[in-house]
Amino acid sequence: MNFYIVNLPNHYMKTNTLLYLLVFCVVSCTTTQKENNVNKKALSSYVDPFIGTGGHGHTYPGATVPFGMLQVSPINGISKWDWCSGYHYSDSVMVGFSHLSLSGTGIGDLADVLIMPINKKVDLTITPSSRDSLAYASKYSHKNEKATPGYYQVFLEDHNINAEVTTSLRSALHKYTFTKKDPQAIIIDLGFGINWDKAIHTSLHFEDAYTVSGYRFSKGWAKNQKVFFVAKFSKPITEYNLVSDNKIIENSVSTGTKTAAQLFFNSEENKELLVKVALSSVSVANAKDNLDNGDFNFDVVKNKAEEDWNTALSKIKVETSVDSLKTIFYTALYHSQLAPVTFGDKNGQFRKENDTIVTANSYTAYSTLSLWDTFRAEHPLLTLIAPDKVSDITNTMLEFYKTKEILPVWTLYGNETNTMTGYHSIPVIVEAYLKGIGGFDAEVAYEAMKNTMLNNDERGLNYYKKYGYIPYNLLDESVTITLEYAYDDWCIAQMAKALNKEEDYYYFLNRSTAYQHLFDFETGFMRGKADDGKTWHTPFDPKYSNHREHTDYTEGNAWQHSWFVPHNVDKVIKLHGGNTIFADRLEQLFTESSEITGDNISADISGLIGQYAHGNEPSHHIAYMFNHAEKPWRTQYWSRHIMDTQYNTTPNGLSGNEDCGQMSAWYILSSIGLYPLNPASTEYEIGSPIFENATIHLQEGVDFTIEAENVSDKNIYIQSATLNSKEFNKTTLSHKAILNGGTLHFVMGNTPNKNWGINQKQD
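As the structure is a computational prediction, the values presented were derived from the model and not from experiment.

## Describing unusual backbone geometry
With an omega of 0°, the peptide bond running from A339 to P340 counts as cis. Assignment of secondary structure puts P340 in the loop between α4 (323-335) and β20 (341-342). Cis rather than trans, the peptide bond between T538 and P539 has omega equal to -5°. Turning to its location among the elements, P539 is positioned in the loop between α12 (502-511) and β27 (544-546). In this model, E405 sits at a positive phi of 55°, which is unusual for a non-glycine residue. With respect to the element layout, E405 can be found in the loop between α7 (387-404) and β25 (410-412).

## What about the pattern of salt bridges?
Opposite charge on two side chains permits them to pair, given that their charged atoms come into close proximity. Throughout the structure, instances matching the rule amount to 23 salt bridges. The salt bridge involving K501 is made with E443; its shortest N-O contact spans 3.1 Å. With a gap of 58 residues between them, K501 in the loop between α11 (478-498) and α12 and E443 in helix α9 (residues 442-454) connect regions that are remote in the sequence. Look at E443 and you get partly exposed, because its relative accessible area is 37%. Through salt bridges with shared partners, one network takes in D91, R131 and D132.

## Structural notes on the nonpolar core
Ranked by internal contacts, the top residues of the largest apolar core, which has 216 residues, are Y136, L263, F329, Y667 and L733. For this core, the element with the highest residue contribution is α11, accounting for twelve residues. The contacts of Y667, once residues within four sequence positions are left out, are L325, I328, F329, A332, M643, Y647 and I690.

## Here we look at the sheet that holds strand β32 (residues 683-686)
Whether parallel or antiparallel, the strands of a sheet pair through hydrogen bonds between backbone atoms. If you trace the three strands from one edge of the open sheet to the other, you get β31-β32-β37, paired in antiparallel fashion. The outermost strands of the open sheet, each flanked by one partner alone, are β31 (674-675) and β37 (732-734). Relative to β37, β32 is paired through three bridges, and the arrangement is antiparallel. The partner of Y684 across the bridge, within β37, is L733.

## Overview of the pairing of strand β33 (residues 693-697)
Judged by how many residues are buried, β33 sits mostly within the fold: four of five residues are covered. Here strand β19 (residues 316-319) pairs with β33 via four bridges, running antiparallel. Note that in β33 the partner of K317 across the bridge is T695. Between β33 and the antiparallel strand that follows it, strand β34 (residues 703-709), lie five residues; G701 among them carries a positive phi value of about 90°.

What counts and what doesn't
Residues numbered from 1 in each chain as written. Predicted model: local features only at pLDDT ≥ 70, side-chain atom pairs only at ≥ 80, totals over all residues. Heavy atoms only, no water. Helix = DSSP H or I, 4+ residues; strand = E, 2+ residues; numbered from the N terminus. Salt bridge = Lys/Arg side-chain N within 4 Å of Asp/Glu carboxyl O. Buried < 20%, exposed > 50% of the residue type's maximum accessible area, 1.4 Å probe, protein only. Core = buried A, V, L, I, M, F, W, Y, C linked by side-chain atoms within 4.5 Å. Contact = heavy atoms within 4.5 Å. Pairing = 2+ DSSP bridges.

Below, the structure written as structure tokens:
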């Protein structure tokens, strides 16, 4: 703006002065208002649910609320690995909305209770030969598709219908806008399934002109999955066609292996049709109890979902001038609160895999416990942002324990899938207890952990107890399983110590050294050893991968699995021969050729940096091990390199399976400069913060702030640090220090300060 000074009479000067002041005030107020609007920008606006829906991320873009019971998401209808969530960004055909979805797992299940709006009558008695031959399938375009936290919208091109969905904690609300005068119809297909899931018994009941209920029993990854549902419509059903196992049913109730129906509605009144849906693992009656009361006000439910997400996302506030970093961060914080999911009904009831109905009186039951993945960073994150959920999850695991007196491994819809290795409910429970999270019986929890590891012979524990390790010639994945059982034992030892159980403490502490049996001094790798206690598994190639069978490593190779001794990194360094050799081998992990050898390479090995595989969880702690070898600047370098290369704002923005929040939790904690290398230790390793300011709003109203002065894409190295204005020269920070509140201040630079965080120990 240009200003010109001229000579004017006094009365003009007075008038102009007043005018100038008025204009200045208006401009200032407008500017201030704009700044306030920017500052008040909803955190949910940074979230992009499409991140991870491409590549091998396996996330879904549909609607849910934090830890919600329902995940209402579009289903493409293809049964392949990249469609495990039911949706993949590369697709352009949709077959309906399901009400249960998995976020980022490597196994396809759920996608239960499929609903699809349509504008024509179709024949449901015909068995489709493929997805594309489904009579109700429709094309769609990403140009007419939108997803925000708690909301999803898509235009169905073949049916000329705009479809929108949103949810509350236990109810879904669909809104379908038809083209004027087009027929209005809904398909409910209970026989439809994807991947591992297969319907075995289904039922539909037309209760009245506005209500349909039923159930879907299926067998898949979850062997005994029973889903009961109720759907209520905003206007009466004028006609319906009911089909069971390819036959038309003339009455209002139908049961069979595969049941489906087409419902018709009056198209003269208005173009909109709304549907409320609720589920239960227990009964139709419980589903009805879970269903939200009131009218069909879509915007009210949508706005409440957005409000819930903004509350959940506000637990950590980050400041940066780079909006893409906020998008990655808040999308990660969003993904980290999709699972575990609410499993208990409004009255507290839920079903276990043996069909026992349990009532949780003092806690909310949760399922979708991907513990092999999430014990590493997801559950540690929850101890900071949702400690009440940690208590409830622990109580739920202790209830699941009662079924067979074995703690959960990977729980899906109340079913134990026994997927993956170890018993990592153990570190989750121990971490919660040692971090002071109450609300569960510590003695009962301890006995459950002890009994699982001592009186259980499943999953290789019989060999582990007999030999002190698992021989490769007796069980596949022997190295990974041995290392993970050793860590579980260490965790139990810490709980025993805290509960003054001295004999148990030393027993489990001694067993936690099992990794020493498998360390090969000659190669520097953890290797398979035979039951004679001497013979190594040969031939040996540290780059070799064979997926889940005839292998010593789970979804990986020796390069990726040889570092899993989070409970005693210092001892492992000594086994290698000291800091220098250990750090050099760590460095080689990241710089080695990324070639993976073998004929059946695990698809889970992704996100490769050298042989480091960020796309799968066993690698997640490794970059932080440099801290223990007195080279913290290499932890700072590699953790920042991983953040910069393995996450972005596209649908391919995750380098591997999201795995129920673990991939995202790694980023959340790493980006603020912390990582729980050993979660049950209650300490966090210091890495390289990327935000100028990150504030954790703790539940008690206390804030802990991490500041990174001068941080940039080049200034990734810590020059100095203070904690509450006192010099801080350590590479670990305790959970207790965070809970006490305060400020951890880093000064960052573009070259390493090789004196910061060093204890000057000799090799």
